Amino acid sequence: MTDTKETAARARKKQSAFAALEIDTRLLGMIGAFIAVCLVFNILTEGRFLTPRNVFNLTIQTVSVAIMATGMVFVIVTRHIDLSVGALLATCSAVMAMTQTMVVPEWLGLGLGHPLTAPIAIAVGCVAGMAIGAFHGWLIGYLTIPAFIVTLGGLLVWRNVAWHLTSGQTIGPLDETFQLFGGINGTLGETWSWIFGIVAVLAAWFGLFTARRSKIRHEFKVKPIWAELVLGGLIASAILGFVSLLTAYEIPTRRLERIFEAAGQVMPEGHTQGYGVPISVLVLIVVAIIMTIVAQRTRLGRYIFATGGNPDAAALAGINTRMLTVKVFMIMGLLCAISAVVASARQTFHSNDIGTLDELRVIAAAVIGGTALAGGSGTIYGAILGALIMQSLQSGMAMVGVDAPYQNIVVGMVLVLAVFVDILYRRRTGD
Amino acid sequence: MAKVDRSGTPLVELRNISIAFGGVHAVDDVSVDLYPGEVVGLLGHNGAGKSTLIKCLSGAYQADSGEVFVDGKKVSIRNPRDARDHNIETIYQTLALADNLDAASNLFLGREITSGIGLVDDARMEAETRKIMGRLNPNFRKFNAPVSALSGGQRQSVAISRAVYFNARILIMDEPTAALGVEETRMVAELIDELKRQGLGIFLIDHDIHQVKTLCDRASVMKNGKLVGTVDVDDVTEDDLLGMIILGKQPEKAA
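Residues numbered from 1 in each chain as written. Chains lettered and ligands numbered in written order. Predicted model: local features only at pLDDT ≥ 70, side-chain atom pairs only at ≥ 80, totals over all residues. Heavy atoms only, no water.

## What about the overall build of chain A?
Here's step 1: Assigned secondary structure in chain A consists of 17 helices and zero strands.
Here's step 2: In summary, chain A has a C-alpha radius of gyration of 23 Å against a globular reference of 22 Å for 431 residues, a match within 12%.
Here's step 3: Taken along the three principal axes of its C-alpha coordinates, chain A extends 80 × 65 × 50 Å.
Here's step 4: Taking all 431 residues of chain A together, 48% fall into the buried category.
Here's step 5: Taking contacts inside chain A between residues at least 6 apart in sequence as the whole, the part at least 24 apart equals 80%.
Here's step 6: Split by element, the accessible area of chain A, about 21,100 Å² in all, is 68% carbon and sulfur. (Helix = DSSP H or I, 4+ residues; strand = E, 2+ residues; numbered from the N terminus. Rg over C-alpha atoms; globule rule 2.2 N^0.38 Å. Buried < 20%, exposed > 50% of the residue type's maximum accessible area, 1.4 Å probe, protein only. Contact = heavy atoms within 4.5 Å. Areas by Shrake-Rupley, 256 points an atom, 1.4 Å probe, with all protein chains shown as cover.)

Encoded structure:
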């Protein structure tokens, strides 16, 4: 009798201690699901899943879809959909490939390998992505054509505009500087990775501190100090653990030798060097931070969520919901261009099939990440976690030896299941 | 009730407003006015054109013809933002709240407080919301919940606080008590009296004739998009008002 009472009391205490941390339960659920996926595959592959090498590959494979998924959150939150992201990625990739292999070296006469090639190509690609996205937004917002139709048309149009731009050819190799954004071809190295990790931890702590100070200034309730410390510790260990895994992935000796040779040096005996954080992952992190700030701390973000929650109320509050639609799709277009940089740099050339079926992966990532198709709710971190979970499932199954068609069957079922779990969760929490 | 002084310029004047939707004259050549410290009730059946008329003032619709004067000056109200710039605030029947956002985000929707670098200052907006709620509805506690989690009365107080916070001079209330209980209705009535004393002008759309008789100074009755007439509520009986609404006939002048 006393025993059960005690357990109940302890359970309650545990719960309140947990509540004190004020961590979003949805976020926790997704992290839990992600860790479960990793652990299961790690056991199935006898420890090969969580090796530095595989974690490295997993992250660089996730980047392209994850970047677009953050934009898809805005699109879906405003009750729209974008089926054209994969095709738009292909067009941006084609534009950038042609810019760096033809326009800059030949038309501008700068030749191959000029340091300006990559910046020019990326700028042109981003402008193209934003222009196409804004055009979609205009068709949807001002001409009131449903987003489903506009972007379904866009899927067919842009996929084949890409084909037209390159005359159906594979364009490559891409510029060397440009290739740095592709993952394995561009990493920070050990020292800079650690510097990055430490800066990230300090920034996170600073964020926690300023949030707390602002709450105290307005005399709101704050969490107990120990909860802040635990949270800060968790964030720090997550960031530093991630960095240490990536730096532990060592550059093959043969490749290192070649690097030393190129510099006219001889590699010392027994020298090793880790890859560290890929530049593409850095790009994703920057995109994620900016998109989170836009979502939570800017008027634009506030209007996006308000419009998703109640379009009429937003309009009555003086928000120009048509222009908002243009902006949302313009952001989506820009993110498609950034993803195109990462995706084409990763394969070191532009191909016709680049980004094929990405629209479905991107939508799935956003939805698995808790973005409601009814509009009005969704998070950036959720979409990125969703992309990570899907990529882990897929590459995990590939490592276990599941054939690609079966992988797709599993991913499809997981998508439906994830949405069902989300519905149950919403029903229980009532939001 | 003290008599309203109508010797000066009206706070707001709608002159010869007409608006049609696909050939149907929703509002047909209607003129109404409103003086400081006055509550004017708008009465009529569903579809009589009350809400449509008022939406021409709040910027939700644009009148096909007619003029709007604020403080005797002609103004053009093309969208809700223009209306807000003239200190015209509206509490819609639907409340017009974004259900997924919290009270503070709704209160400041479209007019967020931003910090020096242009980011929205949630903490300050919540503090301001707590302040005004302390005045309007001291029992309000759920500052961090989305408004979908609030009761009808709490939602109403969010909508009202939004209108009051920004120093409205002209307030439009579209059936503010339709979804409320007895206690909450009384609170709204008290609030209307307080705002009136502060010199606001209020257009009150309501179905409840009894309530219009107690809360309003004048009543304008509409039928089929046309104005039947505007009367001083003290000069007419509830039956007179009913006659205007149902039959569209002017009461015989008492005085």
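There's more to say after this.
## What to know about the overall build of chain B
Here's step 1: Assigned secondary structure in chain B consists of eight helices and 10 strands.
Here's step 2: In terms of overall size, chain B behaves like a compact globule, its C-alpha atoms giving a radius of gyration of 18 Å where 255 residues would be expected to give roughly 18 Å.
Here's step 3: Dimensions of chain B, computed from the C-alpha atoms along their principal axes, are close to 60 × 40 × 35 Å.
Here's step 4: When each of the 255 residues of chain B is scored for burial, the buried share is 55%.
Here's step 5: The long-range share in chain B, meaning contacts at least 24 apart out of those at least 6 apart in sequence, stands at 66%.

## Section: the domain arrangement of chain A
Interfaces are frequently sized by the accessible area removed from exposure as the parts join.
Residues and elements named next belong to chain A.
Here's step 1: The domains assigned to chain A are domain 1 (28-185 + 281-429) and domain 2 (187-277).
Here's step 2: Facing 12 residues of domain 1, the contacting portion of domain 2 comprises 12 residues.
Here's step 3: A combined buried area of about 1,100 Å² lies between domain 1 and domain 2, and 78% of that area is made up of carbon and sulfur atoms.
Here's step 4: Three residues, Pro-52, Phe-56 and Ile-184, lead the burial of domain 1 against domain 2; their summed loss comes to 43% of the area buried on that side.
Here's step 5: The interface formed by domain 1 and domain 2 holds zero salt bridges in total.
Here's step 6: Scanning the region where domain 1 abuts domain 2 turns up zero residue pairs in polar contact (both at pLDDT 80 or more). (Domains from an automatic or database assignment. Buried area = accessible area lost by both parts, 1.4 Å probe. Salt bridge = Lys/Arg side-chain N within 4 Å of Asp/Glu carboxyl O. Polar contact = N/O pair within 3.5 Å; in protein donor to acceptor, adjacent residues only side chain to side chain.)

## Some points on the interface of chain B and chain A
Here's step 1: On the side of chain A, 22 residues touch chain B, which itself brings 25 residues to the contact.
Here's step 2: A combined buried area of about 2,100 Å² lies between chain B and chain A, and 60% of that area is made up of carbon and sulfur atoms.
Here's step 3: Note that Asp-122 of chain B and Arg-302 of chain A form a salt bridge whose closest N and O atoms lie 3.0 Å from each other.
Here's step 4: Here chain B is connected to chain A by 10 residue pairs in polar contact (both at pLDDT 80 or more).
Here's step 5: Elements with a minimum of two residues in the side of chain B that touches chain A: helix 2 (80-85) and helix 4 (122-136) of chain B.

## Things to note about the side chain of Ser-18 of chain B
Residue and element names in this part refer to chain B.
Here's step 1: Assignment of secondary structure puts Ser-18 in strand 1 (residues 12-21).
Here's step 2: Here Asp-29 takes part through its backbone nitrogen, which lies 2.9 Å from a polar atom of the side chain of Ser-18.
Here's step 3: The residues contacting Ser-18, other than those within four sequence positions of it, are Val-27, Asp-28, Asp-29, Ala-63, Asp-64 and Ser-65.

## A few points about a nonpolar patch on the surface
Residues and elements named next belong to chain A.
Here's step 1: Side chains of Phe-135, Trp-138, Tyr-142, Leu-143, Ile-145, Phe-148, Ile-149, Leu-152 and Met-323 sit close together on the surface and give an oily, nonpolar patch of about 790 Å² of accessible area.
Here's step 2: Broken down by secondary-structure element, the contributors of at least two residues to the nonpolar patch are helix 5 (117-141) and helix 6 (147-165).
Here's step 3: The element contributing the most residues to the nonpolar patch is helix 6, with three residues.
Here's step 4: The residue Tyr-142 is located in the loop between helix 5 and helix 6 in this model.
Here's step 5: Note on Tyr-142: relative accessible area 30%, which makes it partly exposed. (Patch = residues over 30% accessible without salt bridge, like charges linked within 9 Å, V, L, I, M, F, W, Y side chains within 5 Å.)

## A short note on the confidence of the model for chain A
Here's step 1: Averaged over every residue, the pLDDT of chain A is 88; the share at 70 or more is 94%.
Here's step 2: Throughout residues 1-5 of chain A the model reports pLDDT below 50, and contacts reaching past four residues in sequence, or to other chains, amount to zero contacts. (pLDDT = per-residue confidence, 0-100.)

## What about empty space enclosed by the protein?
The gaps of empty space that remain are located by a probe, the size of a water molecule, rolled over the atoms.
Here's step 1: Throughout the structure, instances matching the rule amount to two cavities of 30 Å³ or more.
Here's step 2: One number sums up the size of the largest cavity: a volume of about 130 Å³.
Here's step 3: Lining the largest cavity are 14 residues, with Leu-316 of chain A together with Arg-84, Glu-89, Thr-90 and Tyr-92 of chain B sitting closest to its centre.
Here's step 4: Of all elements in the fold, only helix 13 (311-316) of chain A together with helix 2 and strand 6 (88-91) of chain B reach the threshold of two or more residues within the lining of the largest cavity.
Here's step 5: In this structure, the second largest cavity spans a volume of roughly 50 Å³.
Here's step 6: For the lining of the second largest cavity, the secondary-structure elements that each account for two or more residues are helix 3 (52-77) and helix 16 (380-400) of chain A.
Here's step 7: Considering only residue class, the lining of the second largest cavity consists of three nonpolar, three polar and one charged. (1 Å grid on protein atoms, 1.4 Å probe; cavity = no way out; pocket = protein on both sides within 12 Å on 5 of 7 lines; lining within 4 Å. Points joined across faces, edges and corners; volume = space filled by probe spheres on them. Nonpolar A, V, L, I, M, F, W, Y, C, P; charged D, E, K, R; others polar.)

## Topic: the pairing of strand 10 (residues 226-232) of chain B
All names here are of chain B.
Here's step 1: Bridge analysis of strand 9 (residues 218-223) against strand 10 gives six bridges, and the strand direction is antiparallel. Paired with Val-221 across the two strands is Gly-229, which belongs to strand 10.
Here's step 2: In this antiparallel pair of consecutive strands, strand 9 and strand 10, the connection spans two residues, and Asn-224 shows a positive phi of 50°. (Pairing = 2+ DSSP bridges.)

## Details of the packing of aromatic side chains
Here's step 1: In total, this model carries 10 aromatic pairs over all chains according to the counting rule given.
Here's step 2: Measuring from ring centre to ring centre gives 5.8 Å for Phe-108 of chain B and Phe-166 of chain B, while their planes differ by 80°; the resulting arrangement is edge-to-face. Separated by 58 residues along the polypeptide, Phe-108 of chain B in the loop between helix 3 (103-107) and helix 4 and Phe-166 of chain B in the loop between helix 5 (152-165) and strand 7 (170-174) bring together distant segments of the chain. Like Phe-166 of chain B, Phe-108 of chain B is buried.
Here's step 3: Grouping aromatic residues by their ring pairs yields a cluster made of Phe-56, Tyr-249 and Tyr-275 of chain A.
Here's step 4: Over the ring of Phe-69 of chain B we find Arg-15 of chain B, and its NZ or CZ is 3.9 Å from the ring centre.
Here's step 5: Cation over ring: Arg-111 of chain B sits above Phe-166 of chain B, and NZ or CZ is 3.6 Å from the ring centre. (Phe/Tyr/Trp six-rings, centres within 6.5 Å; stacked < 30°, edge-to-face > 60°. Lys NZ or Arg CZ within 6 Å of the ring centre and 35° of its normal.)

## Things to note about the domain arrangement of chain B
All names here are of chain B.
Here's step 1: Looking at chain B, the domain boundaries give domain 1 (1-87 + 168-255) and domain 2 (100-167).
Here's step 2: Computed from C-alpha coordinates alone, the two centres of domain 1 and domain 2 are separated by 27 Å.
Here's step 3: With 15 residues of domain 1 at the contact, the number on the domain 2 side is 16 residues.
Here's step 4: Summed over both sides, the interface between domain 1 and domain 2 buries roughly 1,100 Å², with carbon and sulfur atoms accounting for 53% of that surface.
Here's step 5: Summed over the shared surface of domain 1 and domain 2, the result is one salt bridge.

## Let's talk about the pattern of salt bridges
Residues and elements named next belong to chain B.
Here's step 1: Per the stated rule, a full pass over the model turns up 19 salt bridges over all chains.
Here's step 2: Across the salt bridge formed by Arg-15 and Glu-13, the nearest N and O atoms sit 3.1 Å from each other.
Here's step 3: Residue Lys-196 is joined to Asp-217 by a salt bridge in which the shortest nitrogen-to-oxygen separation is 2.7 Å. On the criterion of sequence distance, the pair formed by Lys-196 in helix 6 (residues 182-197) and Asp-217 in the loop between helix 7 (209-215) and strand 9 is long-range, its members being 21 residues apart.
Here's step 4: One salt-bridge network, held together by shared partners, links Arg-6, Asp-33, Glu-38 and Arg-218.

## Here we look at unusual backbone geometry
Here's step 1: Residue Pro-173 of chain A is reached from Gly-172 of chain A by a cis peptide bond, and omega for that bond is -5°.
Here's step 2: Mapped onto the elements, Pro-173 of chain A comes out in the loop between helix 6 and helix 7 (176-179).
Here's step 3: The backbone of Arg-79 of chain A sits at a positive phi, close to 70°, despite the residue not being glycine.
Here's step 4: Within the fold, Arg-79 of chain A resides in the loop between helix 3 and helix 4 (85-107).
Here's step 5: Here the phi dihedral of Asp-71 of chain B falls at roughly 55°; this positive angle occurs in a residue that is not glycine.
Here's step 6: Take Asp-71 of chain B: it is sitting in the loop between strand 4 (65-70) and strand 5 (73-75).
Here's step 7: Looking at Asp-71 of chain B, the relative accessible area reads 35%, which means it is partly exposed.

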